[in-house]
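Below are the chains, spelled out letter by letter.
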Amino acid sequence: NAGVTQTPKFQVLKTGQSMTLQCAQDMNHNSMYWYRQDPGMGLRLIYYSASEGTTDKGEVPNGYNVSRLNKREFSLRLESAAPSQTSVYFCASSEAGTGTYEQYFGPGTRLTVT
Amino acid sequence: GEDVEQSLFLSVREGDSSVINCTYTDSSSTYLYWYKQEPGAGLQLLTYIFSNMDMKQDQRLTVLLNKKDKHLSLRIADTQTGDSAIYFCAERRPGINKFYFGSGTKLNVKP
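Structure report, in brief. (Residues numbered from 1 in each chain as written. Chains lettered and ligands numbered in written order. Predicted model: local features only at pLDDT ≥ 70, side-chain atom pairs only at ≥ 80, totals over all residues. Heavy atoms only, no water.)

## What to know about the environment of Asn28 of chain A
Residues and elements named next belong to chain A.
Item 1. When you line up the elements, Asn28 lands in the loop between β3 (19-25) and β4 (31-38).
Item 2. Each C-alpha atom of the pair Asn28 and Ser93 lies 9.2 Å from the other, and the pair is 65 residues apart in sequence.
Item 3. Among all residues touching Asn28, those that are not within four sequence positions of it are Lys71 and Glu95.
Item 4. Looking at Asn28, its side chain comes within polar contact range of the side chain of Lys71, at 3.2 Å. (Helix = DSSP H or I, 4+ residues; strand = E, 2+ residues; numbered from the N terminus. Contact = heavy atoms within 4.5 Å. Polar contact = N/O pair within 3.5 Å; in protein donor to acceptor, adjacent residues only side chain to side chain.)

Written out as structure tokens, the structure reads:
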């Protein structure tokens, strides 16, 4: 039972390049999330998916797109990377049926855009 | 995000108690959480409290909730060097399964 996995762990991009961050969970959770973490700003929600087939914008969606490929996988795409997107990206999942709605987090992707 | 507020740093000596404070925004939030982040890792749930409770105790951890003031605190008794980490409070707002996190408090435990 791996929990939430993310790839890659580290990435360096040049301004204007594109890339996709991958996330998968094996806990059969309905809800999945993408956050970015910046110093002094905590976690900010980029996009979330309440269930397979649905996605919604969070607080900071500009410059990102997402795909909920199936119940397990939720990817985040940067079409044209900018230095302001240098951050640590976390994927998380949760399940309403657990009672506590606890979120489980992946280990993060550290992205630098030069 | 969206103004869940925490102080950024706290430094204590090993063996002392630590108290980390948080002010959240939505009085109708149903669950409030404390997550711990160790260096280079993702967040892990430490404890949570349901909005109809005032206090929850779990071994060395005590969570206090003041709904009137929208204030949440986490007390760690007998703080150890292994407790050094960043602690995030988070609220779950009702209706949709979304969470709002504070900026995190970095706890430094000195031997």
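Picking up after the structure, the text goes on.
## Side note on the packing of aromatic side chains
Item 1. Per the stated rule, a full pass over the model turns up 16 aromatic pairs over all chains.
Item 2. Here Tyr31 of chain B and Tyr33 of chain B contribute two aromatic rings whose centre-to-centre distance is 6.1 Å and whose plane-to-plane angle is 25°, an arrangement assigned as stacked. There is no split in this pair, since Tyr31 of chain B and Tyr33 of chain B are both buried.
Item 3. Their ring planes at 50° and their centres at 5.7 Å tell us that Tyr35 of chain B and Phe101 of chain B sit as a pair that is tilted. One end of the pair, Tyr35 of chain B, is in strand β4 (residues 31-37); the other, Phe101 of chain B, is in strand β10 (residues 98-101), and 66 residues separate them in sequence.
Item 4. Residue classification places Tyr35 of chain B among the buried residues on the basis of a relative accessible area of 0%.
Item 5. Given a relative accessible area of 1%, Phe101 of chain B falls into the buried group.
Item 6. Against the face of Tyr48 of chain B rests Lys56 of chain B, its NZ or CZ located 3.6 Å from the ring centre.
Item 7. It is Arg92 of chain B that lies over the ring of Tyr101 of chain A; its NZ or CZ is 3.6 Å from the centre. (Phe/Tyr/Trp six-rings, centres within 6.5 Å; stacked < 30°, edge-to-face > 60°. Buried < 20%, exposed > 50% of the residue type's maximum accessible area, 1.4 Å probe, protein only. Lys NZ or Arg CZ within 6 Å of the ring centre and 35° of its normal.)

## Examining the interface of chain A and chain B
Item 1. With 25 residues of chain A at the contact, the number on the chain B side is 23 residues.
Item 2. Taken together, both faces of the contact between chain A and chain B bury some 1900 Å²; the carbon and sulfur share is 58%.
Item 3. By the criterion of area lost to chain B, the three top residues of chain A are Leu43, Thr100 and Tyr101 of chain A, representing 26% of everything that side buries.
Item 4. The interface formed by chain A and chain B holds zero salt bridges in total. (Buried area = accessible area lost by both parts, 1.4 Å probe. Salt bridge = Lys/Arg side-chain N within 4 Å of Asp/Glu carboxyl O.)

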